[in-house]
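Reading the structure
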Amino acid sequence: MSVIQKIRDKYIGLVIVAIVLALVGFLVMDAMQSNVRGLFGGDQTLMAEVNGTRIEYKSYEQLRMKYEENMKSRSKDGTLSDMERSQIMEQVWNDVVGETLMTAEMEKLGIDLTDKELQDMLTGPFADPMVQQNFRDPNTGIFDPSRVSQFLNSLSQDKTGQQRAQWKDFEDALIKSRKMTKYTDLISKGIYIPKFMLDDMAKQRTATSAITYVQLPYTLIADNAVKVSDEDIKKFMEKNDAMFRSQEATAKVEYVAFDIIPSSADTAESLGALNNIKADFETTIEHEEFVAKNSEESMKDIYYTEKTLEVPVPAEVLAGAVNSVTGPVYFNGYYKLIKILDKKSMPDSVKASHILVGIGENRTEAQAQASIDSLQQMINGGADFGQLAASRSDDQGSAKKGGDLGYFTQGAMVPEFNDACFNGKTGDIKQVKTQFGIHLIKITDQKNFNPAVKIAVVSKALQAGTATTQAAFTKASEFAATAKDAKTFTDAAKKMGKDKRVAENLTKTQQQIQGLGSARELTRWAFEAKPGSISPIYTLDDKYVIAVAVSRQEKGTLPDIASVRPQIENQLKREKKGQMLADQYKGKSLADIAAAAKVEVKNADTVLMMGGGNTEIGFEPKVIGAAFNKSLVNKVSPGIPGEQGVYFLTVKSMNEGVAGPNPMVEMERMQMQMQIASQAQQMINYVLKKNAKITDNRSNFY
């Protein structure tokens, strides 16, 4: 495995960061060009603007495609689902915005990396760990700085420029990582917990109080006795502005779905297609060719046990004779014909260790083979496999564990590695060549031997036919013809027995809607339509969908009162009830309050300031706070609105706690500082984004 390939495989996340860095220069364009782009009524290339820095569509799209290619390279079948594409879109956006903001911050603070620092990261005695792992002497397993220098010199021989570009990505990622460390150090090293805070916390831990109290449940006042006006809701939102003011534009829709479900005729068609070729499948000897021509899934050269067979009744297949065909059977949306090609007994899992010697620019296949042969001779002579793996294996993940890969099931490894482990026996030491290099494998355990079969599968998806699809579309069209506004939409749903579903907090760039899957056209429409408008009929996967626009909230605005009433009305009712109860019993003794409200006077003799308060009182922060109010000693408190009701209390006694000697004070300080520093680092991007001026035009392009 080449140095570049190892870097790509092991540090793909860091390389992605480097890609972002590499493209930042292209994202920032001269502001004067905006006049040319805007000649025809709008900027046709501006994806976004972050504090005045342009994010160009072309460069953004290049980055998005690179992310997709990286994701595809790590997926089993090299494809991406709509959900994964949507996640990539969001990741690219967050990375580009975050990178743009961080670059500006570092420039403003003068944070940089000198050539000497970079050289130390590559060849110094404390080289970056990622560099050390990729440039070790294959014989000793020790980092060799001269190999870095040799590799860098060899880049001048790279005629295609591909290796130089890949190394530049990796190097940029190292620089970015070190500069980011410098930035976070400025924050984390400035965090200090003074002794008076530690002493105060120590006092709070030992502080106790004893109280007498009554609790008036909110249910003493009926819900219908409390009215919440639109003005009440408006004032609540204004008071809690940050909670309700939208950080981005959102929309809410209601929709009905007409599912496209395969009919019995569609089932008969799928079954008929398989029954027509079953006889030919039984007699053919060209199984791979037959499957490629007739099946919707490819042939897999592995053995299946009862646990891994994807059929309704695995035992039925395992009981069949070689060359026999089972089916058609239905499983996970497909009808299948299953032909048994071979049978044997196999473990359902294997535990193995390995030593990997990669092949690449710094090691030819012949050299790798010689190294593996030498290692096997050493092991045959009594050397410890685990120790050799720890010092000589190119797979750093398993090398740390003496080469141990743990238990894995059939098909979890690449085919050559898989076959060696499942076809061998415990104690075997085998050499295998794979795409990663040459492996020396030690099979340490095989368990749960069971009958296994090698099969060929011809499958056909059960899909709705034209008639079924048309029938669903006809019903959707009938609904659309009746629904003209929000009221008739609701009436039509009731008449046709369709459940109205809600999709809220939709964003302008949202690709997926829970329950509907990929629904970009619907989310786009939600921001173009006026409230009460009815959508066209949308075809989404296996259903037709019609929606009504309910509401839309623009960025930086408060939502309309009707949309938030269900969310906060009960809370406001509780607050009003709390004030009513507090006013009703104001100035009375605890005994009088208890008698009038028909509740008990209770005692809590051990209330803790920290550590849970009191088991009987439960989670009532305001009550716990009042229990340590000196002014309430032997006096009745005003009504305290809590989680479970309104409380009136009298403090009987109070112990303020003592700091006392604490031999662990420095450890406590360190733990608190580390916790705060960690939280601060996690908040960096959030704070920068919150304070930035960002124009997001992604919905114009995607």
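The structure contained in this document is the topic of the report that follows. (Residues numbered from 1 in each chain as written. Predicted model: local features only at pLDDT ≥ 70, side-chain atom pairs only at ≥ 80, totals over all residues. Heavy atoms only, no water.)

It is worth spelling out the overall build of the protein chain at this point. The helix and strand inventory of the protein chain stands at 26 helices and 19 strands. For the protein chain, the C-alpha radius of gyration of 34 Å lies well beyond 27 Å, the compact-globule estimate for 702 residues. Projected onto the principal axes, the alpha-carbon positions of the protein chain cover approximately 95 × 75 × 70 Å. At a minimum sequence separation of 6, the contacts of the protein chain that also span at least 24 residues come to 71%. (Helix = DSSP H or I, 4+ residues; strand = E, 2+ residues; numbered from the N terminus. Rg over C-alpha atoms; globule rule 2.2 N^0.38 Å. Contact = heavy atoms within 4.5 Å.)

Overall, the coordinates contain 32 salt bridges when judged by the stated rule. Lys 425 serves as the salt-bridge partner of Asp 428, at 3.5 Å between the closest nitrogen and oxygen. A salt bridge links Arg 698 to Asp 696; its shortest N-O distance comes to 2.8 Å. Residue classification places Asp 696 among the partly exposed positions, given a relative accessible area of 30%. Ionic contacts of the salt-bridge type, sharing partners, join the residues Glu 61, Arg 64, Glu 68 and Arg 85 into one network. (Salt bridge = Lys/Arg side-chain N within 4 Å of Asp/Glu carboxyl O. Buried < 20%, exposed > 50% of the residue type's maximum accessible area, 1.4 Å probe, protein only.)

We now examine the pairing of strand 2 (residues 53-56). Pairing of strand 1 (residues 46-50) with strand 2, which is carried by four bridges, proceeds in the antiparallel orientation. Residue pairing in the sheet places Leu 46 in a bridge with Glu 56 of strand 2. The hairpin turn running from strand 1 into strand 2, its antiparallel successor, is two residues long, and Asn 51 in that turn takes a positive phi close to 50°. (Pairing = 2+ DSSP bridges.)

Along the chain, Thr 208 falls in strand 3 (residues 208-217). In this view, Thr 208 contacts Val 607, Leu 608, Phe 628, Met 654 and Asn 655; residues no more than four positions away in its chain are not counted.

A separate point is the sheet that holds strand 19 (residues 694-696). The three strands are arranged 2-1-19 in an open sheet whose pairing can be described as antiparallel. Edge positions in the sheet fall to strand 2 and strand 19, since each of these pairs with one other strand and no more. When the angles between neighbouring strand axes are averaged without regard to direction, this sheet yields 20°. Contacting strand 1, strand 2 and strand 19, helix 5 (residues 82-109) crosses the sheet at an angle of about 40° to strand 1. (Axes fitted to C-alpha atoms, helices over the stretch in contact; angles between N-to-C directions.)

Moving on to helix 21 (residues 486-496). A turn of α-helix holds 3.6 residues, and therefore any two residues three or four places apart point the same way. For helix 21, the complete set of buried residues consists of Phe 489, Ala 492 and Ala 493. Buried residues of helix 21, seen end-on, are gathered within an arc of 100° and therefore sit on one face of the element. Counted as exposed and oriented over 90 degrees from the buried face of helix 21: Lys 487, Lys 494 and Lys 495. Next to the buried residues of helix 21 lie strand 4 (250-259), helix 20 (466-482) and strand 15 (543-553). Once helix 21 ends, the next one or two residues include Gly 497, with phi positive near 70°. (Arc of directions from axis to C-beta.)

Time to look at the environment of Glu 56. Counting through the fold element by element, Glu 56 comes out in strand 2. Separated by 526 residues in sequence, Glu 56 and Ala 582 place their C-alpha atoms 59 Å apart. Side chain to side chain, Glu 56 and Thr 45 meet in a polar contact 2.9 Å long. (Polar contact = N/O pair within 3.5 Å; in protein donor to acceptor, adjacent residues only side chain to side chain.)

Bringing the nonpolar core into the picture now. Residues Ile 55, Tyr 60 and Val 92 are the most contacted members of the largest nonpolar core, which totals 24 residues. Those elements that place two or more of their residues in this core are strand 1, helix 4 (57-74), helix 5 and helix 26 (665-691). Looking at which element gives the most residues to this core, the answer is helix 5, with nine residues. Look past the residues within four positions of Val 92 in its chain and what remains in contact with it is Tyr 60, Leu 63, Arg 64 and Tyr 67. (Core = buried A, V, L, I, M, F, W, Y, C linked by side-chain atoms within 4.5 Å.)

Attention now moves to the packing of aromatic side chains. A ring pair, where both rings are aromatic, is described by two values, the distance of the centres and the angle of the planes. Evaluated as defined, the whole model comprises 16 aromatic pairs. Both rings, one in Trp 167 and one in Phe 170, keep their centres 5.3 Å apart while their planes meet at 50°; by these two values the pair is tilted. Of this pair, Trp 167 and Phe 170 both sit in helix 9 (residues 162-188), three residues apart, roughly one helical turn. As far as the burial class goes, Trp 167 and Phe 170 line up, both buried. (Phe/Tyr/Trp six-rings, centres within 6.5 Å; stacked < 30°, edge-to-face > 60°.)

Our focus in this paragraph is the pairing of strand 7 (residues 334-357). Among the 24 residues in strand 7, 18 count as buried, and that is most of the element. Sheet analysis places strand 6 (residues 325-331) next to strand 7, joined by five bridges and oriented antiparallel. Across the sheet, Thr 326 pairs through a bridge with Ile 338, a residue of strand 7. Between strand 6 and strand 7, which pair antiparallel in sequence order, lie two residues; one of them, Asn 332, sits at a positive phi of approximately 50°. Here 22 bridges tie strand 7 to strand 10 (residues 437-461), and the two strands are oriented antiparallel to one another. The residue of strand 10 that forms the bridge with Ile 340 is Ile 455.

Strand pairs in the sheet, formed through backbone hydrogen bonds, run parallel or antiparallel to each other. Here four strands make up an open sheet; going across it, the order is 11-4-15-14 and the pairing antiparallel. One side of each edge strand has no neighbouring strand; the edge strands of this open sheet are strand 11 (501-507) and strand 14 (538-540). On average, adjacent strands in this sheet sit at an angle of 40° to one another, irrespective of strand direction. Relative to strand 15, strand 4 is paired through 10 bridges, and the arrangement is antiparallel. Its bridge partner being in strand 15, Ala 257 is matched across the sheet by Val 545. Strands strand 4 and strand 15 of the sheet are contacted by helix 20, whose axis makes an angle of about 35° with strand 15.

It is worth stressing that arrangement in space is one thing and function is another; only the former is reported here.
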